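Analysis of the macromolecular model
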Amino acid sequence: MDSHQGKDAAGSDPAASDPAASDPAASAEDDQARRAEERFIDDLISRGEAVPEGEELPRGATHEVIRDEDGHRKVRRRRFKAY
């Protein structure tokens, strides 16, 4: 039996460093959280409360949509509403 089977170039088991790779429940939870976050961002945009990064915030907008290093959309609060 090859002692390097299932290991990466550094000699470690990639599944051991990534809990989602070995736990389908964690992967499902991550997927559900990603969908919820995308829905929240879409809802902010549809209500006019968020704009793409770099655009001027119109009246009523409080957030800007940015992309992280993985390309996923995130929101950043730019200001608070004053009623």
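Our structure is the block above this text.
Fair warning: this is a prediction, and the values are worked out from it, not measured in the lab. (Residues numbered from 1 in each chain as written. Predicted model: local features only at pLDDT ≥ 70, side-chain atom pairs only at ≥ 80, totals over all residues. Heavy atoms only, no water.)

**Structural notes on the overall build of the protein**
- Helices and strands together make up the secondary structure of the protein, namely three helices and three strands.
- Counting helices and strands in the order they occur from the N terminus, the protein gives α-α-α-β-β-β.
- Counting every position in the protein, which comprises 83 residues, the buried fraction comes to 17%.
- Intrachain contacts of the protein at a sequence separation of at least 6 include 19% that bridge at least 24 residues.
- Element-wise, carbon and sulfur atoms account for 49% of the exposed surface of the protein, whose accessible area totals about 6,500 Å². (Helix = DSSP H or I, 4+ residues; strand = E, 2+ residues; numbered from the N terminus. Buried < 20%, exposed > 50% of the residue type's maximum accessible area, 1.4 Å probe, protein only. Contact = heavy atoms within 4.5 Å. Areas by Shrake-Rupley, 256 points an atom, 1.4 Å probe, with all protein chains shown as cover.)

**Examining the side chain of E64**
- Here E64 is to be found in strand β2 (residues 63-67).
- Look at E64 and you get buried, because its relative accessible area is 5%.
- Polar contacts involving the side chain of E64 include one to the side chain of R78, which spans 3.2 Å.
- Aside from chain neighbours lying at most four places away, what touches E64 is V51, E53, G54, K74, V75, R76 and R78. (Polar contact = N/O pair within 3.5 Å; in protein donor to acceptor, adjacent residues only side chain to side chain.)

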